[in-house]
Protein chains: 2
Amino acid sequence: MTTDMGNVTSNDRGSEGEPKRADARRNRQAILDAAAAVFVTSGVNAPIREIAAKAGTGTATIYRHFPTRADLIVAVYRHQVDSYAEAGPALLASTASPYEALRAWIDLFVDFLVTKHGLASVLQSDDQRFDPLHEYFLERLVPVCGQLLEAAAVGGEIRCTLEPHELMRGVGSLCIGADRTSGGDPRPLVAVLIAGLRP
Amino acid sequence: MTTDMGNVTSNDRGSEGEPKRADARRNRQAILDAAAAVFVTSGVNAPIREIAAKAGTGTATIYRHFPTRADLIVAVYRHQVDSYAEAGPALLASTASPYEALRAWIDLFVDFLVTKHGLASVLQSDDQRFDPLHEYFLERLVPVCGQLLEAAAVGGEIRCTLEPHELMRGVGSLCIGADRTSGGDPRPLVAVLIAGLRP
DNA sequence: GACTAACCGGAACCTCGTCCCATTTACTAT
DNA sequence: ATAGTAAATGGGACGAGGTTCCGGTTAGTC
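Worth saying up front: this structure is predicted, and the values here are computed from it rather than measured.

Asker: Can you help me understand the protein's contact with DNA strand D in this one?
Answerer: Around DNA strand D, 25 residues are found, and the nearest of them are Asn 27 and Arg 64 of chain A together with Arg 49, Tyr 63 and Arg 69 of chain B. When the atoms of DNA strand D within 4 Å of the protein are grouped by moiety, sugar and phosphate amount to 52% of the total. A distance of 3.4 Å separates a base nitrogen of DNA strand D from a polar atom in the side chain of Arg 49 of chain A. Ala 22 of chain B places a polar main-chain atom, nitrogen or oxygen, 3.1 Å from a phosphate oxygen of DNA strand D. Looking at the surface near DNA strand D, the elements with two or more residues in it are helix H1 (22-42) and helix H3 (59-65) of chain A together with helix H1 (22-42), helix H2 (48-55) and helix H3 (59-65) of chain B. Of the residues forming the surface near DNA strand D, the biggest block, 5 residues, is contributed by H3 of chain A.

Asker: Hey, could you run me through the relation of the copies chain A and chain B in this one?
Answerer: Between the two copies of this chain, the relationship is a rotation about some axis together with a displacement along it. Each copy superposes on the other: chain A lies on chain B with an RMSD of 0.1 Å after a rotation of 179 degrees and an axial shift of 0.0 Å. In short, the pair behaves as if placed about a two-fold rotation axis. The position closest to the rotation axis in chain A is occupied by the C-alpha of Gly 196 of chain A, lying 1.7 Å away. The share of interface residues of chain A whose copies in chain B are also at the interface is 100%, consistent with both copies meeting through the same surface.

Asker: Please explain the environment of Gly 88 of chain A as it appears in this structure.
Answerer: Residues and elements named next belong to chain A. For Gly 88, the location among the structural elements is in helix H4 (residues 69-94). Along the chain, Gly 88 and Pro 143 lie 55 residues apart, while their C-alpha atoms are 9.7 Å from each other. Those residues in contact with Gly 88 that lie beyond four places of it in its chain are Trp 105, Val 144 and Leu 148.

Asker: What should I look at first to understand the environment of Leu 102 of chain A in this one?
Answerer: Residue and element names in this part refer to chain A. Structurally, Leu 102 is set in helix H5 (residues 98-114). Leu 102 gets classed as buried once you look at its relative accessible area, which sits at 0%. When the C-alpha positions of Leu 102 and Pro 47 are compared, they lie 36 Å apart, and in sequence the two are 55 residues distant. Discounting residues that sit within four places of it in the chain, Leu 102 has contacts with Leu 148, Leu 149, Leu 167 and Leu 197.

Asker: Would you mind showing me how to read the packing of helix H4 (residues 69-94) of chain B against helix H7 (residues 131-154) of chain B here?
Answerer: Describing two packed helices takes the angle between their axes plus the distance from one axis to the other. All names here are of chain B. Following both chains from N to C, one finds H4 and H7 inclined at 5 degrees, their axes separated by 9 Å at the closest point. It follows from the interaxial angle that H4 and H7 lie roughly parallel. Along the contact surface, H4 presents Ala 70, Asp 71, Ile 73, Val 74, Arg 78, Val 81, Asp 82, Tyr 84, Ala 85, Gly 88, Pro 89 and Leu 92, while H7 presents Pro 132, Leu 133, Tyr 136, Phe 137, Arg 140, Leu 141, Val 144, Gln 147, Leu 148 and Ala 151. Taken together, the residues of the contact of H4 with H7 sort by class into 16 nonpolar, 2 polar and 4 charged.

Asker: Please explain the packing of helix H8 (residues 164-174) of chain A against helix H8 (residues 164-174) of chain B as it appears in this structure.
Answerer: The geometry of H8 of chain A relative to H8 of chain B is characterised by a closest axis approach of 8 Å and an angle of 125 degrees between their N-to-C directions. Taken as axis vectors, H8 of chain A and H8 of chain B run oblique relative to one another. Once H8 of chain A is placed against H8 of chain B, the crossing between them reads as right-handed. Across the interface between the two elements, Gly 170, Ser 173 and Leu 174 of chain A from H8 of chain A touch Gly 170, Ser 173 and Leu 174 of chain B from H8 of chain B.

Asker: I'm lost on the interface of chain A and chain B in this one. Help?
Answerer: By convention, interface size is frequently given as the accessible area that disappears when the constituent parts associate. At the junction of the two partners, chain A supplies 28 residues and chain B supplies 28 residues. Taken together, the two surfaces of chain A and chain B that pack against each other cover about 2,300 Å², and 58% of this comes from carbon and sulfur. At the junction of chain A with chain B, the criterion picks out 0 salt bridges. Scanning the region where chain A abuts chain B turns up 4 residue pairs in polar contact (both at pLDDT 80 or more). Of all the elements in the fold, those that place two or more residues in the side of chain A that touches chain B are helix H7 (131-154), H8 and helix H9 (187-195) of chain A. By residue number, the principal contributor to the side of chain A that touches chain B is H8 of chain A, which donates 6 residues. A per-class count over the side of chain A that touches chain B returns 10 nonpolar, 10 polar and 8 charged.

Asker: Please clarify how the confidence of the model for chain A should be interpreted in this entry.
Answerer: In regions of low pLDDT, the predicted coordinates are not meant to be interpreted in detail. Of the residues in chain A, 89% have a pLDDT of 70 or more, and the chain-wide mean is 87. Scored below 50 in pLDDT, residues 1-15 of chain A shows 7 contacts in the model against residues more than four places distant or in partner chains.

Asker: Is there a simple way to explain the packing of aromatic side chains in this structure?
Answerer: For any pair of aromatic rings, the description consists of the separation of the ring centres together with the inter-plane angle of the planes. In total, this model carries 10 aromatic pairs over all chains according to the counting rule given. Aromatic side chains Phe 39 of chain A and Tyr 77 of chain A sit 6.2 Å apart centroid to centroid with 35 degrees between the ring planes, which places their arrangement in the tilted category. A residue pair is termed long-range when its members are at least 10 positions apart, and Phe 39 of chain A in helix H1 and Tyr 77 of chain A in helix H4 qualify at 38 residues. Judged by its relative accessible area of 1%, Phe 39 of chain A is buried. Judged by its relative accessible area of 5%, Tyr 77 of chain A falls in the buried class. Measuring from ring centre to ring centre gives 6.4 Å for Phe 112 of chain B and Phe 137 of chain B, while their planes differ by 25 degrees; the resulting arrangement is stacked. With Phe 112 of chain B in helix H5 (residues 98-114) and Phe 137 of chain B in helix H7, this pair connects stretches of sequence that are 25 residues apart. As far as burial versus exposure is concerned, Phe 112 of chain B and Phe 137 of chain B are alike and both buried. An aromatic cluster is built from Phe 39, Tyr 77, Tyr 84, Phe 112, Tyr 136 and Phe 137 of chain A, whose rings are joined through pairwise contacts.

Here is what the cut-offs are and how they apply
Residues numbered from 1 in each chain as written. Chains lettered and ligands numbered in written order. Predicted model: local features only at pLDDT ≥ 70, side-chain atom pairs only at ≥ 80, totals over all residues. Heavy atoms only, no water. Near = heavy atom within 4 Å. Polar contact = N/O pair within 3.5 Å; in protein donor to acceptor, adjacent residues only side chain to side chain. Helix = DSSP H or I, 4+ residues; strand = E, 2+ residues; numbered from the N terminus. Least-squares fit on C-alpha atoms with pLDDT ≥ 70 in both. Contact = heavy atoms within 4.5 Å. Buried < 20%, exposed > 50% of the residue type's maximum accessible area, 1.4 Å probe, protein only. Axes fitted to C-alpha atoms, helices over the stretch in contact; angles between N-to-C directions. Parallel < 35°, antiparallel > 145°, perpendicular 65-115°, else oblique. Nonpolar A, V, L, I, M, F, W, Y, C, P; charged D, E, K, R; others polar. Left-handed = near helix turned anticlockwise from the far one by under 90°. Buried area = accessible area lost by both parts, 1.4 Å probe. Salt bridge = Lys/Arg side-chain N within 4 Å of Asp/Glu carboxyl O. pLDDT = per-residue confidence, 0-100. Phe/Tyr/Trp six-rings, centres within 6.5 Å; stacked < 30°, edge-to-face > 60°.

This is the structure we're talking about:
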């Protein structure tokens, strides 16, 4: 008669599953807070042990909650990514031209990437280990980008020579290394890229 | 060959210093050959031990000849980079319009980068360790790029809204991850970027 | 042929990612 | 309240890779 509440054998803590026990939930939050802090100072590739130390847990606990580094990064930035996804339609509604909305939205995304040390690099990495991260960003933002592109295309403001995911990948790529002191602002480059969409 | 051994730093074993003893010269060449082969199969971040094994030397020998990985990469690709640098003026002379020359030259550079696994990533890395590599590529190619940009600008074919080094960095960034199976061809993106230079 | 200094290469050390396992702890039924 | 149980924990072990040290080896010279 032991309770069979959730006898899910496999770990259900994938990306979204909140742990059931209170201590696990607490630890999960502590890890998220610590990771967010460490990412700011040491970048998204900071050693796991550093995050564990700051969270006051062992390294295994981090791996239990977030099997890969990509899962941890997704969890830390999920809210921000979601808010950018929602900002797309809002900009489309509030801006004069769809092309301007696209430009403003891309600017938001660039601002996001340049403040996250190493995030852009990791987003373009061909390391299989980061596929979940890659996938989440694309799955969440590509539809929005496609919507903006489509709106600008029907208005004749741009020629649709690029797929939405290509544009996102390009913008992400241009933001790599933007936090170097010697590496300048990626915004001029992004501006040229967006200008290249015009007919 | 190289006569510009002028004002590098005190460390003159850095890029070009040929060893004096015959065995050292032989080992240096063996390392270069092995590295070139390994870079093709395992990318420019292949383990040092792998290169050493293929060259039939110890790891310390590699570090003695090429203190950093950047030095090794520069030595392996120096000839190709130099040939691309020389291709710039040639294209300018043989092509109808400077803008077309610029486009053809950029295409050459993209072809070079996409065939070198991980080279583009390393070129944009903010790891201090790769600064010599970064520096060599920029120092060699930026002037050529500037020449092409300038020629196209005086012809009124483009607006000079971008510095040469910015353009090179942008093209390099767009080529990151181009060797992934899922990551597509960077050429459409580069084409849009170049199109964005037009007035 | 002997001497010297440059050179060599394997081994050792360090960092980091990853996983195992003995121990602890939160929840539930009695 | 309490005992039982499964979930959760964290320290440490293991492996991969970068970097350096050190005793042995060898090319070039007298």
